[in-house]
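These are the residues of each chain, in order.
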Amino acid sequence: MNLFFYWFLVFFIYATIGWMLEMISTFIYTKKVTNRGFLIGPYCPIYGTAALLMIIFLGKYENDLPVLFGMSFLLSSILEYVTSYLMEKLFKARWWDYSDRTFNINGRICLKNCFFFGILGILLIAYVHPFLRASLFYLCNTVPNFFYLIGFFCLFIFIIDLITSFKITIGLKKNLQNLRKDCTDEISKKVQETITAGSKSMQRLFKAFPNMKPLKLNKKKKHRLF
């Protein structure tokens, strides 16, 4: 149980940090504060997943920074590409598109982002995670009840959020599929009308991904998400 909550909290903390990085980068680009992410809460699971994979598989390269950078670059690229592909197949919509960026692959990943994640991998393995690991171990050993309470609370919130967000997105997918696939203006209007009449969560989701379009539309017109 200690090990389970340790790894979940590691995932949750880095997912939250990732959300904060997305907020900052989006604000720099758009000058607007936008709640980024697929889920309703302040966390981006892809960052938490990437962090876990790096910690588990790349920790041995802690003292070899060039190799650590290269492996982080490669691992994050694969994860982002696979995540984009699976979400597109599941929801029939392209959630981000880097087609207008230099050195991209199918609009799913681009050199700039991969380089950024390579740097983050170095910071994570060599500097940030040793401190977080020591802090979590100290918390678990000194106040185990508080450690479990935090773990249970974060896990409960995350599961509820995951279920709710998935339901909302499936509903949004159905709305998109009911529209004519070859009319961008009609789709944009109908989607916005649906979200305006819907829940606060759906409004937040649309604001987070303003360029989200049905899959067939993305093949005609490319959009940059970040």
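What counts, and where the lines are drawn
Residues numbered from 1 in each chain as written. Predicted model: local features only at pLDDT ≥ 70, side-chain atom pairs only at ≥ 80, totals over all residues. Heavy atoms only, no water. Helix = DSSP H or I, 4+ residues; strand = E, 2+ residues; numbered from the N terminus. Buried < 20%, exposed > 50% of the residue type's maximum accessible area, 1.4 Å probe, protein only. Contact = heavy atoms within 4.5 Å. Areas by Shrake-Rupley, 256 points an atom, 1.4 Å probe, with all protein chains shown as cover. Axes fitted to C-alpha atoms, helices over the stretch in contact; angles between N-to-C directions. Parallel < 35°, antiparallel > 145°, perpendicular 65-115°, else oblique. Left-handed = near helix turned anticlockwise from the far one by under 90°. Nonpolar A, V, L, I, M, F, W, Y, C, P; charged D, E, K, R; others polar. Phe/Tyr/Trp six-rings, centres within 6.5 Å; stacked < 30°, edge-to-face > 60°. Lys NZ or Arg CZ within 6 Å of the ring centre and 35° of its normal. 1 Å grid on protein atoms, 1.4 Å probe; cavity = no way out; pocket = protein on both sides within 12 Å on 5 of 7 lines; lining within 4 Å. Points joined across faces, edges and corners; volume = space filled by probe spheres on them.

Draft legend 1. Spotlight on the overall build of the protein. Looking only at helices and strands, the protein has eight helices and four strands in total. Each helix (α) and strand (β) of the protein, taken in turn from the N terminus, gives the series α-α-α-β-β-β-α-α-α-α-β-α. Going through the 226 residues of the protein one by one, you find that 44% of them count as buried. A sequence separation of at least 24 residues applies to 69% of the contacts in the protein between residues at least 6 apart. Accessible surface, the protein: about 12700 Å² in total, of which carbon and sulfur atoms supply 69%.

Draft legend 2. Spatial organisation of the packing of helix α3 (residues 65-91) against helix α4 (residues 111-142). The contact between α3 and α4 brings their axes to 7 Å, and the two run at 125 degrees. Of the possible angle classes, the one that applies to α3 and α4 is oblique. In the crossing of α3 with α4, the sense of the turn from one axis to the other is right-handed. Residue-level inspection shows L65, L68, F69, S72, F73, S76, S77 and E80 of α3 in contact with α4, the latter providing L111, N113, C114, F115, F117, G118, I119, G121, I122, I125 and A126. Considering only residue class, the contact of α3 with α4 consists of 12 nonpolar, six polar and one charged.

Draft legend 3. Inspection of the packing of aromatic side chains at higher detail. Applying the stated criterion across every chain, the model contains 16 aromatic pairs. Ring geometry for F11 and F158: centres 5.4 Å apart, planes at 85 degrees, overall edge-to-face. Pair noted here: F11 is in helix α1 (residues 2-30) and F158 is in helix α5 (residues 144-177), with a separation of 147 residues, a long-range link. Judged by relative accessible area, F158 falls into the buried class, the value being 11%. Following the ring pairs from residue to residue traces out a cluster consisting of F4, F5, F147, Y148 and F152. Across from the ring centre of Y81, 5.4 Å away, lies the NZ or CZ of R108, which sits over that ring.

Draft legend 4. Representation of the layout of surface pockets. In this structure, the second largest pocket spans a volume of roughly 250 Å³. Taken together, 14 residues make up the lining of the second largest pocket; nearest its centre are Y14, I17, L21, L120 and L124. Of the residues contributing to the lining of the second largest pocket, the split by class is 12 nonpolar, two polar and no charged.

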